[in-house]
There are 2 protein chains.
Amino acid sequence: MTEQVKQVGEQEVTLLPEGNIATPQGFTAGGVHCGIRKTKLDFGWVYSDVPATTAGVYTTNIFQAAPLKVTQESISSGQKIQALLVNSGIANACTGEQGLADAYQMRKWGAEAFRVPEQFTAIASTGLIGEPLPMEKIKYGIDQIQMQGNHHSNRFEQAILTTDTREKAIAVEIEIDGQKISIGGAAKGSGMIHPNMATMLSFITTDAAVEAEALSLALKDITNTSFNMITVDGDTSTNDMVLVLANGKAGNELLHEGHPDWSLFKQGLAIVCEALAKEIARDGEGATKLVEVQVEGAESDQAARAVSKAIISSNLIKTAIHGADANWGRIITAIGYSDQPVDPDKVSISLGPVLVVNKGMPVPFDEAAAKDHLLQDNVSIHTDLGSGTGKATAWGCDLSYDYVRINASYRT
Amino acid sequence: MTEQVKQVGEQEVTLLPEGNIATPQGFTAGGVHCGIRKTKLDFGWVYSDVPATTAGVYTTNIFQAAPLKVTQESISSGQKIQALLVNSGIANACTGEQGLADAYQMRKWGAEAFRVPEQFTAIASTGLIGEPLPMEKIKYGIDQIQMQGNHHSNRFEQAILTTDTREKAIAVEIEIDGQKISIGGAAKGSGMIHPNMATMLSFITTDAAVEAEALSLALKDITNTSFNMITVDGDTSTNDMVLVLANGKAGNELLHEGHPDWSLFKQGLAIVCEALAKEIARDGEGATKLVEVQVEGAESDQAARAVSKAIISSNLIKTAIHGADANWGRIITAIGYSDQPVDPDKVSISLGPVLVVNKGMPVPFDEAAAKDHLLQDNVSIHTDLGSGTGKATAWGCDLSYDYVRINASYRT
């Protein structure tokens, strides 16, 4: 990612080309191989010099995995986290009492290794469901961290991946109270991706000082328009979690909803979340392209979100995009079954720059131009429902042979 | 299908091995090639010697296609249909005023050909969305019917297919008031298949005399546990329709809800609908097997239906079944996001005869036996939620490379 500047009113959010989760002051991160996965890194950590104010959002799946329960307990005890430990390969989900005991044990070892209280320690797991956490490997991973550290952020980003094909990292910089403040993030997620919260882990750090409740509300808001707007396959997993840690090392005045720069900070956080969400969608299992669906003219933002999710989730649309086939009939169909207030005679649809449906009726269009757009790495579908001011954007990917190949034998 | 007898109380429903939509007395059916599709039959008809009491259910998609509007108008004017005309290849959906005019014209020509009033004529179309109905081909098809008839029922079943790989036909026989009564059916549907009503056309005939309102209520009831419980890809189309025509030629006393044999008739109709629904699921685009998901122990039938649909709709489960991978974690996950009242600690899951989850916890199981089951043509997933008496069954198919291949280039 090259350096870019995004204007927010008269202020700026600067993308840092090499930024990552360890960019904000006072954060270090790394990853080791503990043996759960064959050769790839499978155990990552993030550490803050001081306890960081922390907010989280978690999967809505009824079968919530053990590490999420333990991490929520940590955060709710004082809204502070200093150490975060994540393993990939085994999700520690559907593992009952033993799974919960194992998660507590993983937290305890982590706390000891980083010499922080257990309630300042967060944990996460991702991978296979229903297998017990291999505790001797977890212990080995923690010992490795203590001995070597491996303080390289990109090792953290590698260590949290499962079927992902690439690391997902970003950082941005803003200026508040004359202080440079940065926000960094890392994520994993490739399959079982769907609103609300997917097999998706996302960790965000900032050196800003932020009031706990404001941070929590901001994260919930932003999650609804970023992580909850992506889908790969419609399956919401047991282990999804987004955490944001704010350690205050930048020395700014405490940010809260009344602070003049609050919207700038929130915008910076939103850019980080949206960038990570899009990277997850782009790296969907078997995906060959990122698909962005913009819906406007809906009766409400909520209706726009539902329509955009119906479009982005349709297997028929995803396969048509895979084949670069301008099959707008499937888009009409998805809008029609989204169960939202839609007037068929007011709907317009464009594929990239090419208008294909105007006020409910197909229009003659340049097939070659439409195909050209669908062959790009970034495909956009724009829909105007013509009935109001509600709007939303959703992200997803195409459905390919490789999706089937990957998922026909993930476990074996 | 070999002859089988199903016991309903002390009475019997007999499956007729060679039965089809023209089995009931007084019905004839056929199909011709009118040139919409390259070489395959693409124009089918069903005719009853006398006007038949008719009930219908229709797609819930907001973009309801023109022929559905015209057919609903016919039926609502007197609840009688005598002639039915169906073309495949072009759906006449999203075609605006012209599409509606074309649908009326198709009905008019059909009525003239069969010498019945327009309001006794039903029409249906299936195929590409957004293309105008090629009226000269439709006219040619109707002329062909008038000249040759082609009175072979299996030509009707062929003529209504699109991406289907095989015809779908069934008939059963029951005895009411000492009269033999038969119920026959034909269906098409392969992609864009999802509750409620899919790219699915289903036509059912019976020589029973049935009171109009009772027939309508019975069809709605039965649709909810048959056609609305199948999914191929989660997309509900613009053209779905199920019609049942009862012409009374068997000479029984008029059937109604108070008739002692009402439940027998309803059971016969249910068997026909369920058989056609399963055939559609089995012939899902790219499908290599039929998947049956049974859910019991739910707090209500409605909750059981929602859970079974979540399971049958999951791409991750469908690909795992395609790969014969006993990945029960994905079933747990789907149950968990179905948004129904489920107690995680009470859920049990079996793959065919193999118990894999018992009361929320994985159990050691014979991987080879589970794989053996998943390699069958008929796969069953059984879930007991352990929380009540609600139950439901849903049907679907696996997700294969061929699904992607077929749908990446349907239009081109």
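As the structure is a computational prediction, the values presented were derived from the model and not from experiment. (Residues numbered from 1 in each chain as written. Chains lettered and ligands numbered in written order. Predicted model: local features only at pLDDT ≥ 70, side-chain atom pairs only at ≥ 80, totals over all residues. Heavy atoms only, no water.)

Our next topic: the side chain of Lys 168 of chain B. All names here are of chain B. Its location among the elements puts Lys 168 in strand 7 (residues 168–176). A residue is classified by how much of its surface remains accessible, and Lys 168, at 1% relative accessible area, is buried. A polar contact of 2.7 Å, which involves the side chain of Lys 168, links it to the side chain of Asp 164. One polar contact links Lys 168 to Asp 283, side chain to side chain, over a distance of 2.7 Å. Discounting chain neighbours no more than four positions away, the residues touching Lys 168 are Glu 157, Gly 185, Ala 186, Ala 187, Lys 188, Gly 189, Leu 276, Glu 279, Ile 280 and Asp 283. (Helix = DSSP H or I, 4+ residues; strand = E, 2+ residues; numbered from the N terminus. Buried < 20%, exposed > 50% of the residue type's maximum accessible area, 1.4 Å probe, protein only. Polar contact = N/O pair within 3.5 Å; in protein donor to acceptor, adjacent residues only side chain to side chain. Contact = heavy atoms within 4.5 Å.)

At the junction of the two partners, chain A supplies 54 residues and chain B supplies 54 residues. When the two sides are added together, the surface that chain A and chain B hide from each other amounts to roughly 4,600 Å², 61% of it contributed by carbon and sulfur. Along the contact surface separating chain A from chain B lie zero salt bridges. Between the two partners, chain A and chain B, sit seven residue pairs in polar contact (both at pLDDT 80 or more). (Buried area = accessible area lost by both parts, 1.4 Å probe. Salt bridge = Lys/Arg side-chain N within 4 Å of Asp/Glu carboxyl O.)

A few words now on the UniProt feature "binding site: substrate" (unreviewed entry) in chain A. The sites that UniProt annotates as "binding site: substrate" (unreviewed entry) are Thr 162, Lys 188, Thr 199, Glu 285, Asn 407 and Thr 412 of chain A. Structurally, Asn 407 of chain A can be placed in helix 11 (residues 401–407). (UniProt positions renumbered as here; feature names shortened; annotations may be inferred.)

On to the relation of the copies chain A and chain B, then. Rotating chain A by 180° about the axis while translating it 0.0 Å along that axis superimposes it on chain B, leaving an RMSD of 0.0 Å. In short, the pair behaves as if placed about a two-fold rotation axis. Minimal C-alpha distance to the rotation axis in chain A is attained by Tyr 401 of chain A, lying at 2.6 Å. Looking at chain A, 100% of its interface residues are interface residues in chain B too, so the copies touch through the same face. (Least-squares fit on C-alpha atoms with pLDDT ≥ 70 in both.)

Moving on, we get to the domain arrangement of chain A. Residue and element names in this part refer to chain A. Its domain assignment divides chain A into domain 1 (4–282) and domain 2 (290–407). Relative to domain 2, the C-alpha centre of domain 1 lies at a distance of 31 Å. Tallying the contact residues gives 16 residues for domain 1 and 18 residues for domain 2. Taking both partners together, domain 1 and domain 2 bury about 1,300 Å²; carbon and sulfur atoms supply 63% of that area. Area buried by domain 1 at its contact with domain 2 is led by Met 229, Thr 231 and Arg 282, which between them contribute 44% of it. Taken together, the connections running from domain 1 to domain 2 amount to one salt bridge. (Domains from an automatic or database assignment.)

All names here are of chain A. Within the open sheet, the six strands sit side by side as 14-13-12-15-11-16. Their pairing is mixed. Bordering the open sheet on either side are strand 14 (361–362) and strand 16 (390–397), each of which pairs with just one other strand. The sheet contact formed by strand 11 (residues 290–298) and strand 15 (residues 378–384) spans seven bridges and is parallel. Counted as the bridge partner of Glu 292 is Ser 380 from strand 15. (Pairing = 2+ DSSP bridges.)

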